[in-house]
Structures are given as structure tokens and as C-alpha cells.
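# Geometric and topological summary
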Amino acid sequence: MRLSLRFVLPLMLVLAGIAYAVAPMVDRLTLSWFVRDLDSRAALVANTLQEPLQEQLTAGRKAKTIEFFNRMTRDERLFAIGYCAAPTGKALATRSLPAEVRCDELKRWAGPSDHLLASDQGPLHVTVKRMASDAAPEGQLVLVQDMSFITRRSEETKQYLFYLFMGLAAVVSLITVIIAQLSWRGWVAGVRSLLHGEGLLRQPGSGAAPDLPGFKPIARDLQRLIRDLESDAHSRDENQITWSPESLRAILRGELRGEDIIVVSNREPYVHQRRGDRIEVQQPASGLVTAMEPIMRACSGTWIAHGSGSADRDVVDKHDRVAVPPQKPAYQIRRVWLSAEEEAGYYYGFANEGLWPLCHIAHVRPTFRSGDWAQYVAVNRKFAKAVASEAKTKDPIVLVQDYHFALLPKMIREELPDATVIAFWHIPWPNPESFAICPWRDEVLEGMLGSSILGFHTQSHCNNFVDTVDRFIEARVDRDSFTVSFGGRLTAVRRYPISIAWPPAAAMVEKAVPDCRSSIRQLNDLPPGHKLGVGVDRLDYTKGIVERFRAIERLLELNPGWIGRFTFVQVAAPTRAGIEEYQQHEAQVRAMATRINGRFTRQGPPPIVLKVEHHEPREVYEYFRAADFCFVSSLHDGMNLVAKEFVAARDDDCGVLILSQFTGAARELPEALIVNPYDADQCAAALHLALTMPAEEQRDRMRLMRGLVAEFNVFRWAGRMLLDAAAMRRRDRLNVKTGRAEA
Ligand code: GDG
């Protein structure tokens, strides 16, 4: 309305001005037309009068002539008629002949443009025609015509003109306003669609956004620009933050305003075990737990996990919840109970005999059984129900962890359509050909695409996932934005390299490095100054422990001088012992250590000490601090946190990290000695290099690695995901709002 007034009023004024300026021109033009008409009319009248007038004059009937003239002037336009027999004397005329028209001054009206006479009666037109006869050779007829009708008509014309321009203004304004309104709405709809990231690019799930082809060429660029600006803003924000539990809490408060956060994982962060009549609390050996635990301490949500400890049921409340950490409770664990069959099918079967080898290129064949799959589906459903029952709001943020819960994102969405589901896949994602082995390939992919955000450690895992989706299911993949649109929903596939808490907990590093060196050597019957290497892993075939031992064997073959002067301690936490492949692997690792020790032990300590038992984190750190090097030889590893923990443990800036090129960590820690674990000679050379590396070089390398881990710590990992989730929630809310406004 405001727009219309702003536009219409000036337009009307302009047109009125034009009408005002044009009117005199039109006046002049019509006047000249009318004068021409009057001239020819006068000629006609004169011709008509000629004969009867001559007759009257010849007969000398003056009175009759005047009467004849009077009759003629009954015509409303013929105002007066007169006859001058000679240039002197009085005219024989009607009474209406103006006094200015005199016989002695007829020349005044003779010119072609001198016909006008202003009088009290209005404007008059005077025509003088020669009308000679024998009796009056200089006779002249005077015709005076009334011109007031011209003035009347001119006034009427001016009025019509004015109305015409006003009408024109109204019509032009109306058309312009309609066009402006239509195109404004079109723009608004178009820009709205662009901002929604919908419509113009025809993304499914966009609702009925209008298809405006004119916008298409710019839509992609605009979207990219918005994304770039967003990610620029993010990375600026990210870099400006010192990532710590406090900053993470501040983000949760500021960006998510204390929203409901739920974590779901198979493994629980604290396990209650019965030892005789005592209950012990254990922290499991798990990279996922290592990463998520400090996050949960920072944001105090609910962690839903399988209650696997022998005393777990004894310590929960009636809702199956227990507050942890035991010394200083900061968040809740909600335990989900699984039967032996469920655990066998879901955990040991589908997850660890199927998906785990499927996703790792470690040359162990995946085994898929339909019974395992059924349990996997049922347990995922059970956890989805647990999420729904733990949710305090209808739109919680749910962080789904790992390959045990590929179906959970979709199931959560069925229970809580407004939830923001962030799924993180802690292990690699294989290429499409490898993944195609899985008989429930499509169901797994569709389950994962229930996530709002799907995270992997590296870009190549993201690429593999997107390629797999593109190959096997009917989804729209956008490689610019790295999003997948499936079933009317969008999943952002993002790289979030995981890390560890920084700085490490004070308790982990409180014992001085020299003390750690001596106590660990003492503990393992090694002489002081004895060279020590460590490996810390779950006893898993993907960790390359066999290849590690082969490299040690090769080192001793190539450099026998190290025999008796160097020992490698392998801390191997038992894991998935119910699976035959793991039992065989453990047997193989044990046998190999025994064989190598048999081959290379002289009088001194053995080259390999194998500790197949669980260690507390503090003990693990003591090993890290005591060692000259740490060897991570995974055959394939999503990230590998041991590498980062070793770096974090070395606040003395000493120690060498030997790191497999097949870990995600190798992309972040190039200052490590990067090796191919399948190449025993290369690994042996790296071992030798590590054992002989000057302290200065160790320090230079270690400082760079510590800088990276400090900067890209686990709080940043979680913070980035949560910031992305917050941005996504803001965008969704805006879309809902603008969608409503459109309706
Ligand atoms: C998966 C991915 C990814 C080991 N032994 C003991 C023990 N550990 C701790 C280590 C470390 C953790 O376990 C192992 O973490 P990793 O990252 O090396 O490996 P996964 O368990 O396979 O983890 C992996 C990770 O998820 C996170 O996303 O990095 O790629 O495979 O923290 O110190 N801890 C205790 N006792 C032990 O005996 N307490």
C-alpha cells in the first residue's frame, strides 16, 4: 500500500503537469481548425446569398433585405450580416452588427488572419466578401459569425484532456503496481527459496517452493556464498576460541542455550564390576569413551549405553540411571540392558564380525548372519525407545556414536521428528565396492541418513560414504555442499577429526618423567637407561600388533646390536574375546612374542614384553612418559587416539612417535615417523631411527605435534559439531517461520 502511494501520487502529478502544458497547444490547434471551418462556411453562405440579395438590392427593397438578413441570422452561429454598397455610408445590416464593423473600415478584416473580433458577446469571426453589381460595383457582404461555441468546445476539450490524462495515470499506475507486486512476490519467494537452500535447485523435501528459472543461474552461487560465509565465520570463531571444557560449556550456554543433549554409545564410560563383595568402577579401553567423556563432563547431559558390568544393575536408580564420575558426579548414565542373545547378535555378530571388518581393510572377512541382523535391528530399536524416554524436550540434540547404531538415527527420527541427530562414525568408511558386500547395505545407509549431521574423521571417509550412497540408493547427492537429500531430509556429511582432552588431566602427568622412566623399568625388570618402546592398544587385529612384532624382529635381524639393549612393551587390553577371530588373534600375538623373545633373548631382558590385561589410564600414561618411542602400526584406523595421547603425555618434549600411514592421525601428525606397517624393513629402519634420534630433533618434532593436539583438541571436535548443529537448528527454525509466513 505504501509502495503504491509512493509511486502513484508522483505519477499523477507528472501527468497532470503534462496535461497542463499540452492544453494551450491543443487550444491553438483546434482554433485554427475552427477558423478554417468558419472561412469556408462564410464562403458558402456568401454564395448562397448572392442571387437573392442582388434581386432585393436591384428592386431597391431595403427593408426586405434587412428582414432577409434577420432571417438568416436565426442560425445560431451566424451572428450578423451587413452589406456595404460603397466604402462610405452606412451598411445595410442586422441590428446585431458590431459597431466596429463599418463600411469605411472593411479593409481591416480583409487579411487572411484578421478575422477575429473580441466583443461583449464573446469572440466573433468577421468575413468580408466582394459582391459587385451594376448598381454597386464596390459592394461588399459582411458576415459575422459567433465564435463562442469554439471557446465552449475548447473548454470541453481541455476538460476531456485532463480527464484523459488522469485516467491514463490511474491505468498506468494500476498496471505498474500490479507488475511490481507480482515481481516483488516472485523475488521474495525466490530469495526465500534460495535461503532455504530449496526450491530453485529442486531439492527434495523443499515443499512447494516455486520454480523460478530466472534464479537458477545464481542460486548455486548464492548458496555457495552463504556456505562460505558461514564456514568462514565458523573457522574464524573456532580459531578465536581456546578450546577447553569451559569454552565448550560457554558454547552450549550461548549457542544452544542449555538444550537437551543425549549421547548414545554401546560402551559406557564407567563400568561397575563385582570383585568378591566389593564393587569396582572401571573406565574401559575405548577411543570413543576417551573422547566423549570429557565432553559429557563439560555439558552434563545423559549418556545412554549398554550396561555391561557385573555390578551395573546394583548401582542404578529405578530409572536405570547412575550419576558419574563417581568422585564428582557431572552427568547421568542411563543403562540399557541386553540379553545374552541380543549382545551376541547385535554386538559380537553384526557390529563386530560384520561391520567392523567390512569397514577396515585389515584382510579379515566380514561375516553376516540374518539372525545377527535381526538382533541388531531390535537393539537399535530398543535404544531409540530409550532416547525417546530420556528426552526432556521434543527436539533434543542426540549424539549417536559409532557403527553399533547405524539404524538409530532413522529410528530416533521416527520417535522424535524434531531432534537434531549428529551421528559420528568412529571407524573408516570403505569404498562402494567393499561396502556392497553387506547384505543389508541399503538399510544401513538409509538408517544413517536419518542423521542431521554425519561425521567421519577424514575427508576420504566422507567421500567414500557419499560415493556409496550415490551408487546404491535413490538419494540426491550434492558434492558442493557435501549433503545428501533422502526421504525429504537433508544430511550434512562432515569431517570432524577426533582428538583428546587438552591439557591432559593433571593426574595423568603428575608423576615426573624421570620417575616414570625408572618405575616402569623397575616394574618390568629392565635396567636403568634401557631403551624402551611402547604400544598401547585394544588387542584388535586392525591395530597391526603382529606387523609391529615383525618389524621388531626385523630390526634385531638387521641391527643385532639392539639385542638386550632395547625392549618393547605392548599393553594390550583384552577386547571382544567372545569372537573367534579375536581369540585366534590373541593366540597369534602371544605366540609371536614368545617366538621372537626365544630367538633374540641372550642374558639380558627380552625384546618384547606382552601385557594382555586392562590398565588404568594413569598406568597407560606412565608407560607413555617412560618410553623412548611409541609405535602405532594400525593396518587401518579411523583416527587412533593412542598417537595423540603419547604426544600429550610428553610434556618433556622428548620421545618419538612412529605412526602408520593408514591412521587418520597420520594426516594431522606428519612430524611423526610415518610408516607402512606392511613394510617390515621400512618399519625396522624407523625403529632404528627412533632409538638413535638426537634429543634436539625429538624436541622439534614433538613440539610441533603437541601444538597441533593442543589446538585441535577434543573440545574443539565436539564444539565444531555442536556449533554446526546450532547453526542447523537456527536455519531450520527460520525455515519453519518463513514457511509459515508464506502460507
Ligand atoms: C575407535 C577407532 C578412533 C588402550 N588400552 C587401554 C586403554 N586404551 C585406550 C587408549 C585410547 C583408547 O583406548 C583406544 O583408542 P583408539 O583411538 O586408539 O582406538 P579404538 O578403541 O579402536 O577407537 C579409532 C576412536 O574410536 C575414536 O574415534 O580413534 O580409530 O577405531 O584412549 O589409551 N585404556 C585403558 N586401559 C587399557 O588397557 N584404560
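Just so you know, these numbers come straight off a predicted model, no measurement behind them. (Residues numbered from 1 in each chain as written. Predicted model: local features only at pLDDT ≥ 70, side-chain atom pairs only at ≥ 80, totals over all residues. Heavy atoms only, no water.)

### Quick look at the overall build of the chain
- Assigned secondary structure in the chain consists of 22 helices and 23 strands.
- Taking contacts inside the chain between residues at least 6 apart in sequence as the whole, the part at least 24 apart equals 71%.
- A total of about 34400 Å² of accessible surface is found on the chain, and carbon and sulfur atoms cover 55% of it. (Helix = DSSP H or I, 4+ residues; strand = E, 2+ residues; numbered from the N terminus. Contact = heavy atoms within 4.5 Å. Areas by Shrake-Rupley, 256 points an atom, 1.4 Å probe, with all protein chains shown as cover.)

### Things to note about the site of the ligand
- Near the ligand you find 25 residues, and of these H426, R538, H615, D637 and E645 are the closest.
- G638 has a polar backbone atom sitting 3.1 Å from an oxygen atom of the ligand.
- Mapped by element, the contributors of at least two residues to the shell around the ligand are helix 6 (287–299), strand 18 (531–538) and helix 19 (641–649).
- Partitioning the shell around the ligand into residue classes produces ten nonpolar, ten polar and five charged. (Near = heavy atom within 4 Å. Polar contact = N/O pair within 3.5 Å; in protein donor to acceptor, adjacent residues only side chain to side chain. Nonpolar A, V, L, I, M, F, W, Y, C, P; charged D, E, K, R; others polar.)

### Here's the deal with the sheet that holds strand 20 (residues 608–612)
- What the six strands build is an open sheet, ordered 20-19-18-21-22-23; its pairing is parallel. Edge positions in the sheet fall to strand 20 and strand 23 (673–675), since each has one partner strand and no second. Ignoring strand direction, the axes of neighbouring strands in this sheet form an average angle of 20°.
- Most of the contacts of helix 20 (residues 680–692) go to strand 23, to which it runs at about 165°, and overall it touches strand 18, strand 19 (566–573), strand 21 (629–632), strand 22 (656–660) and strand 23. (Pairing = 2+ DSSP bridges. Axes fitted to C-alpha atoms, helices over the stretch in contact; angles between N-to-C directions.)

### Some words on the state of the cysteines
- Using the criterion set out here, one finds one disulfide in the structure.
- Here C84 connects covalently by a disulfide to C103, the sulfurs 1.9 Å from one another. The disulfide joining C84 to C103 has a torsion of about -80° about its S-S bond and is therefore left-handed. With C84 in strand 1 (residues 78–84) and C103 in the loop between strand 2 (92–93) and strand 3 (116–119), the pair connects residues that are 19 residues apart, well separated along the chain. Each member of the pair, C84 together with C103, is buried. (Disulfide = S-S within 2.5 Å. Buried < 20%, exposed > 50% of the residue type's maximum accessible area, 1.4 Å probe, protein only.)

### As for helix 21 (residues 695–711)
- The terminal C-alpha atoms of helix 21 lie 24 Å apart, and with 17 residues this matches the ideal 24 Å at 1.5 Å per residue to within 8%.
- Those residues of helix 21 that sit buried are Q698, M702, M705, R706 and V709. Seen end-on, helix 21 carries its buried residues on one side only, within an arc spanning 105°. Counted as exposed and oriented over 90 degrees from the buried face of helix 21: E696 and L704.
- For helix 21, the secondary structure elements touched by its buried residues are helix 19 and strand 22. (Expected span 1.5 Å × (residues − 1). Arc of directions from axis to C-beta.)

### Things to note about the pattern of salt bridges
- Tallied over the entire structure, the rule returns 48 salt bridges.
- For R275, the salt bridge goes to E280, with nearest N and O atoms at 3.1 Å.
- Relative accessible area serves as the criterion here: at 37%, R275 is assigned to the partly exposed category.
- On the basis of relative accessibility, which here comes to 28%, the residue E280 falls in the partly exposed class.
- A salt bridge links D653 to R706; the nearest nitrogen and oxygen atoms lie 3.7 Å apart. Of this pair, D653 sits in the loop between helix 19 and strand 22 while R706 is found in helix 21, placing the two residues 53 residues apart along the sequence. Across the pair, R706 and D653 agree in class, each one buried.
- Taken together, the salt bridges that share partners define one network made up of E553, R554, E557, R595, R599 and D681. (Salt bridge = Lys/Arg side-chain N within 4 Å of Asp/Glu carboxyl O.)

### Here we look at the sheet that holds strand 1
- Strand order in the open sheet formed by five strands is 2-1-5-4-3, and the pairing between neighbours is antiparallel. Single-partner strands in this sheet number two, and they are strand 2 and strand 3.
- Here strand 1 runs beside strand 5 (residues 140–146); their pairing, made up of six bridges, is antiparallel. Paired with I81 across the bridge in strand 5 is L143.

### Section: the packing of helix 12 (residues 441–448) against helix 13 (residues 459–472)
- With their axes 11 Å apart at the nearest point, helix 12 and helix 13 run at an angle of 120° to one another. The orientation of helix 12 with respect to helix 13, classified from their angle, is oblique. Note on packing geometry: the crossing formed by helix 12 with helix 13 is left-handed. Counted together, R441, D442, L445 and M448 of helix 12 and F465, T468, V469 and F472 of helix 13 form the full contact between these two elements. (Parallel < 35°, antiparallel > 145°, perpendicular 65-115°, else oblique. Left-handed = near helix turned anticlockwise from the far one by under 90°.)

### Some words on unusual backbone geometry
- Look at the link from V324 to P325: it is a cis peptide, with omega at -10°.
- Counting through the fold element by element, P325 comes out in the loop between strand 10 (321–324) and strand 11 (331–336).
- The omega torsion of the bond from W502 to P503 falls at -5°, within 30 degrees of zero and hence cis.
- The phi torsion at H363 lies on the positive side, around 60°, for a residue other than glycine.

### Brief notes about the nonpolar core
- One finds F624, L657, L659 and W717 to be the most contacted residues of the largest nonpolar core, which totals 78 residues.
- Ranked by residues supplied to this core, first place goes to helix 22 (residues 714–742) with ten residues.
- Residues within four places of L657 in sequence aside, it is in contact with C630, V632, A643, F646, V647, L669, A672, L673 and M705.
- By size, the runner-up hydrophobic cluster in this structure holds 63 residues, among which are L358, L407, A419 and M448. (Core = buried A, V, L, I, M, F, W, Y, C linked by side-chain atoms within 4.5 Å.)

### What to know about the pairing of strand 20
- Counting buried positions along strand 20 gives four out of five residues, so the element sits mostly inside the fold.
- Where strand 19 and strand 20 come together, five bridges link them in parallel fashion. If you follow V571 over to strand 20, its bridge partner there is K611.
- Viewed along the sheet, the connection from strand 19 through helix 17 (residues 580–600) into strand 20 turns out right-handed. (Right-handed = clockwise from strand over helix to strand, strands pointing away.)

### Re the packing of aromatic side chains
- For the structure on display, the rule yields 26 aromatic pairs.
- Judged by centre distance (6.2 Å) and plane angle (25°), the rings of W303 and Y331 are stacked. Residue W303 is found in strand 9 (residues 302–306), and its partner Y331 is found in strand 11; the two are separated by 28 residues along the sequence.
- For Y331, a relative accessible area of 3% gives the class buried. (Phe/Tyr/Trp six-rings, centres within 6.5 Å; stacked < 30°, edge-to-face > 60°.)

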